[in-house]
Every structure is written in C-alpha cells, then in structure tokens.
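Structural overview for review
Residue strings, one per chain:
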Amino acid sequence: MLRRKAFLAWLALLILTLLLPVAARPGLARAQAPCDGRWYRVQQGDSWSKLAQRTGLAVSALKEANPAAANHPQGWLIVGQSLCLPEGAAAVETGPASPETFPMTVRRGDSWAVLAGRYGVSVAALQAANPSLVRAGQVLRPGDRVLVPIVPAMIERFACSEDLPATAHTAAQVLTEWGGSVEILRSYLTRCGVLANDRGAVEQAALLGNEEPEIVLALVKPQADGDGPLGLLAVLGAGPLGWEVLHQSGLAADVDLLTLGDVNQDGQPDIVWSDTTCSAAACFTTLHVTSYVDGAFRSWVNGNTTLASAAASLEDVMPQGSGQELVLQGGVIGTVAAGPQRAVTQQWASLGGGPYVLVQESHAPSFCLYHRVLDADAAMRAGAQDSYAAAIAAYRAAADDPRLVACWIRPDEVEELRAYALYRLAIAYSLTGERNAADAVVEELVERYPDDSLAELARLWWTTYHTTRDEAAACAVATAFAQRRPDSWQRLADYGFANPSFTPADLCRPGASAAP
C-alpha cells in the first residue's frame, strides 16, 4: 500500500514536471529576471552550444541564467529572443540580421509543412520567425498570422531592368504574384538597385477609396556614367485581374516622396514629391503636386517651382489658401559666375482648391544696390496696382541710400545703377501724370551724371511722352537710342547667370511695347 502511494506521488510529480516547459513557452513566459551581466539578442543560426563556445561559458551556466529560454520544448533558441550573458562572458559578435518577413493568414488545412512548401522556405525558418505560434503538437489554427521569411527564390524569376517604367510594371506583377505583399515588393526593388540607403520609397495609401490601398513608388536608379540618378514616381493599384500601374511620371532626376493625402483639402488625394538635379555649383529642386482629379492623376501646380539649393515644406501659412501651402526656401548657387545672390522664400497656395500658384515671393535682406534695383523693377511691373508708389519709393532709395553698395565686378557699378534708378524714376513719375516731379528727376539725373548716356535718354523719353502722351512712341525712341548707345543697357546685361538678362527693350516700362 505504501509503495502504491509512493508510486502515485512520483507519477504526479513527473506529470507536473512535463507540463512546466509548456507553460514556460515564449509568449506565455513570465517577465524575465534582471541580468547581472549583459543582454544578447539571438541571431539566426545560434544554439546553446555555439553560444557556449563563443562566450567561454558552460551550456549549463547559460541555461541557469536564462531559465525561461532553457525550457523550450525542443531546446531551441528563438531568433530575436533576449538572453542574459552572465558576468565574465566573452564578447559575442552580432551575426547577420534576421531575414525580412511578410505576414499571411492561416487558412483551414494549412500546416507548417504546407506553408513551407507554398513559400519555398524551411519549416525551421518559419518556426524561428514565429516562436509564439510553436504549440504542442505543431498545430496551426485558422486565423493565425504567420510571418514568412523572404527568400531570394521568391523574386528571382522577376527580371530587373535598366528602364524605370519597365521596373514599375514588373513591380505590379510582383504584387499580383504575392498577394500585394509590400515587403516582397521592397525586396525586389532593393535587389534591382532602385531602393538603396535613403533613396527611393514604397508607401501604401488609400488614395482612391478602394478596398486595397494603392502603393506609391519613388524609384531612383544611379547611373553608371557618374551622372546624377534618374527617378520615377509611379502609383500602383489592385484591379480585377491583378495589380497595375495607374500613373507614372516622366523620367525625372533624383525623386523624393514628401507626403500623401489631401494636402489642399479639396476632397481629392494628392501626392507631393520633388526631383533634384545637381551640378558642380548647386542642386536644383522642382516641387510637384500630383492630384487625382476627374478620374486621372494630374499635375496640380501652375508655374515653375524649380529653385536652387531648395528646402521644401508644407505649412498652413496663408488664410486665403486652401489646406496647406508649399513653402520653398533657397535660391543661392555656389559659384561666383552666378552673380550677386540672396536667399528667396516662395509660397505657393491652392486658391479655392485649384492648382497651386505662386502667391508670394520674398528675399533675404541685402545692402547690394543691384538687388534694390531688381526690387524696384519688380515694383514697376506691378505699378498699376498702387499707382507706382512702391516703384517710386524703391527707385528713390536706389538712387540715394548711402548704405547700398556695389556687389559685382563693374568698375563704375554704383554710379551706373544710381543713374539707371533716376532714369526709371522719371518714367514712373511720367506714368502717374506728375509732370513737375518727372521734370525735376530728369534735371537731377543730368546734373548728377552729365556724361551718362541715360541722362540724354531721359530727356528724349520725357520730351516724347510729354508731347505725345503716347508711351509706345516714347518706348520706340528709347529702343532706337539703346541700339545706338549700347552702354545705356549693357550695364545691366550681365550680372551673372543666376540674375535676369537685360535687353534694349527693357529700357521701356515692363509691359510697354514700342510703336511700329
């Protein structure tokens, strides 16, 4: 009787001992105890014996420091699992990173072996990537989310092309083959060299309201000849026969995907992206907005958004704009041949949800006299809006402000520009009908710069306009004079390639035309 009771007690203890490892499986284990050494993350290919060899510790010492890990039913180490390496353990070099994975949902009839055959991976690799699903009896349940390691065989049959549009179409085939797996698509694009380091992007976004989100690609392909990379923006969508290319840009330079969404709050999805071309002197960035309008993706910018050394951002800075504005800052080219420069800030707005247009441009402060002349000419072009008040003030400052200095390489730069400012000031007064003021400025120009050709031209222009009240006739006189005296306009013709050119016709008011 006593023997029978002892046997039953021993049997109960044995059953309890066998059940304990199951309760301590990964995913059900209690919180890990503090470590008196350092932590190590298990890599692909690790085992207790290999770690013992690399750390100089006994297997028993490693297991004693990691009782939860030591209780795995098959004695495995799980990739990604944290182990405590007790004090005195030798340094362990980190092995290669765990393979990338993509998720799938277990269906009725699936098993580890079935999944391994379907995806071309080993059962061990599948279980190592899914330690929490390794149950007693090797059972998988419908609805389980299994991470499948991505192996080269999955994408090897999809060829890479030097042609970026062809790559976008092959990307759609990859998505069709692998059920829209973004992870496998990334692996294919990385193998083809169009996603590398910080270049390129693969983003999912529900742009069109379909059940399956669209995928936006920013592909960048370095060129073998050393030129800058080529880029392409493409939008892929799931159709009834599989994935297809819904839209792609023309070939551009280095493409960067900035944001996805309804940025101008017009109820239509937008893709904000840029392309950048670099030279020895500077990089030039063009900002794009591609919007889905009337059943197609279209450019949603009116105007040229290219700017040197530009930083682009989306900000809500203008109450009259719809949604967010495009803000570009930059404009400086790093070479002397570009001429005197100053940083510029541009704000592009979507007015009423329409295409983005340039609504404001401002420059950094400058004491360069040439810059003040440029500002005055810009005010002259918009003169009808304020009766030339801003132009008159700017030309007067250019003619008189002692703080404004030369910033280019012409010997008589200050005198030439001040004479030009007085000449344009006389024209501005003439156009406002202020005869006495115009007459006084012409006399001032003749007195201050008697040998300057613009003094003679100012008299001719003012006399013609005062007599005929015909701006086109006065402009014709100015153009004819400029052809005889090229020094009258060449002073502004070459201030570096980054600045506006200047021709004889520019001696007239911008927008005025000479009489035939």
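Residues numbered from 1 in each chain as written. Predicted model: local features only at pLDDT ≥ 70, side-chain atom pairs only at ≥ 80, totals over all residues. Heavy atoms only, no water.

Attention now moves to the overall build of the chain. Along the chain, the regular secondary structure elements total 15 helices and 17 strands. The buried share among the 516 residues of the chain stands at 42%. Partitioning the intrachain contacts of the chain with sequence separation of at least 6 by distance along the chain shows that 54% fall at a separation of at least 24. Split by element, the accessible area of the chain, about 26000 Å² in all, is 53% carbon and sulfur. (Helix = DSSP H or I, 4+ residues; strand = E, 2+ residues; numbered from the N terminus. Buried < 20%, exposed > 50% of the residue type's maximum accessible area, 1.4 Å probe, protein only. Contact = heavy atoms within 4.5 Å. Areas by Shrake-Rupley, 256 points an atom, 1.4 Å probe, with all protein chains shown as cover.)

Further remarks concern the packing of aromatic side chains. Each pair of aromatic rings is reported with the distance of its centres and the angle of its planes. Tallying each qualifying case throughout the model produces 9 aromatic pairs. With a centroid separation of 6.4 Å and an interplanar angle of 70°, the aromatic rings of Phe158 and Tyr188 are classed as edge-to-face. With Phe158 in the loop between strand S4 (145–149) and helix H7 (164–177) and Tyr188 in helix H8 (residues 182–191), this residue pair connects regions lying 30 residues apart in the sequence. The pair Phe158 / Tyr188 is uniform in exposure class, with both members buried. Residues Trp461 and Tyr465 carry aromatic rings whose centres are separated by 5.1 Å and whose planes lie at 20° to one another, so their mutual orientation is stacked. One end of the pair is Trp461 and the other is Tyr465, both in helix H13 (residues 453–468) and 4 residues apart, which spans about a single turn. Take Tyr465: its relative accessible area is 11%, and that puts it in the buried class. Aromatic rings pair up to connect Phe102, Tyr119 and Trp178 into one cluster. (Phe/Tyr/Trp six-rings, centres within 6.5 Å; stacked < 30°, edge-to-face > 60°.)

Grouped burial of nonpolar side chains is what soluble globular proteins tend to show. Formed by 52 residues in total, the largest nonpolar core has its most connected members in Met380, Tyr423, Leu445, Trp461 and Leu507. For this core, the secondary-structure elements that each account for two or more residues are helix H9 (369–381), helix H10 (389–400), helix H11 (413–432), helix H12 (435–448), H13 and helix H14 (471–484). Among all residues touching Tyr423, those that are not within four sequence positions of it are Leu445, Leu454, Leu457, Ala458, Trp461, Ala478 and Leu507. Membership of the second largest hydrophobic core comes to 42 residues, among which are Leu133, Val146, Leu195 and Leu217. (Core = buried A, V, L, I, M, F, W, Y, C linked by side-chain atoms within 4.5 Å.)

Not every positive phi belongs to a glycine, and Ser309 is a case in point at roughly 45°. Considering the arrangement of structural elements, one finds Ser309 in the loop between strand S13 (306–308) and strand S14 (311–315). Unusually for a residue other than glycine, Tyr388 sits at a positive phi of about 65°. With respect to the element layout, Tyr388 can be found in the loop between H9 and H10.

What follows covers empty space enclosed by the protein. Counted according to the given criterion, the structure contains 1 cavity of 30 Å³ or more. Put simply, the largest cavity is a space of about 30 Å³. As for the largest cavity, its lining consists of Tyr423, Ala426, Ile427, Ser430, Val442, Ala458, Trp461 and Trp462. When residues of the lining of the largest cavity are traced back to their parent elements, those giving at least two are H11 and H13. Looking at which element gives the most residues to the lining of the largest cavity, the answer is H11, with 4 residues. Partitioning the lining of the largest cavity into residue classes produces 7 nonpolar, 1 polar and no charged. (1 Å grid on protein atoms, 1.4 Å probe; cavity = no way out; pocket = protein on both sides within 12 Å on 5 of 7 lines; lining within 4 Å. Points joined across faces, edges and corners; volume = space filled by probe spheres on them. Nonpolar A, V, L, I, M, F, W, Y, C, P; charged D, E, K, R; others polar.)

Here we take up the sheet that holds strand S17 (residues 356–363). The pairing of strands in a sheet happens through backbone hydrogen bonds and is either parallel or antiparallel. Across the sheet, 4 strands lie side by side as S14-S15-S16-S17; this open sheet has antiparallel pairing. Either end of the sheet is taken by a strand with one partner, and the two such strands are S14 and S17. Adjacent strand axes in the sheet meet at a mean angle of 20°, parallel and antiparallel pairs treated alike. Relative to strand S15 (residues 325–330), S14 runs antiparallel, the two sharing 5 bridges. The residue bridging Ala312 from the neighbouring strand is Leu328, located in S15. (Pairing = 2+ DSSP bridges. Axes fitted to C-alpha atoms, helices over the stretch in contact; angles between N-to-C directions.)

Where H11 contacts H13, the axes come no closer than 10 Å and their chain directions differ by 5°. With respect to their mutual orientation, H11 and H13 come out roughly parallel. Here H11 contributes Ala419, Tyr420, Tyr423, Ile427, Ser430 and Leu431 to the contact with H13, which in turn contributes Leu454, Leu457, Ala458, Trp461, Trp462 and Tyr465. Of the residues contributing to the contact of H11 with H13, the split by class is 11 nonpolar, 1 polar and no charged. (Parallel < 35°, antiparallel > 145°, perpendicular 65-115°, else oblique.)

Here Ser249 shows up in the loop between strand S8 (242–248) and strand S9 (254–261). Ser249 gets classed as buried once you look at its relative accessible area, which sits at 13%.

As a further point, take the layout of surface pockets. Gaps left between atoms are located by rolling a probe of water-molecule size over the structure's atoms. By volume, the largest pocket is sized at about 890 Å³. Counting only elements with at least two residues in the lining of the largest pocket, the list comes to S13, strand S16 (344–350), S17, H9, H10 and H11. Looking at the lining of the largest pocket, its residues break down into 22 nonpolar, 10 polar and 9 charged. Estimates place the volume of the second largest pocket at around 230 Å³. Lining the second largest pocket are 14 residues, with Pro103, Trp178, Gly179, Gly180 and Ser181 positioned closest to its centre. Secondary-structure elements contributing two or more residues to the lining of the second largest pocket are strand S3 (101–105) and H8. For the lining of the second largest pocket, the element with the most residues is S3, which contributes 4 residues.

Counting buried residues in S16 gives 6 out of 7 residues, a clear majority hidden from the surface. Taken together, the 5 bridges between S15 and S16 define a ladder with antiparallel strand orientation. Pairing of Leu328 across the sheet is with Gln346, part of S16. Pairing geometry for S16 and S17, over 7 bridges, is antiparallel. Bridge pairing in S17 links Val344 to His363. The loop that links S16 with its antiparallel partner S17 comprises 5 residues; one of these, Gly352, has a positive phi angle of about 65°.

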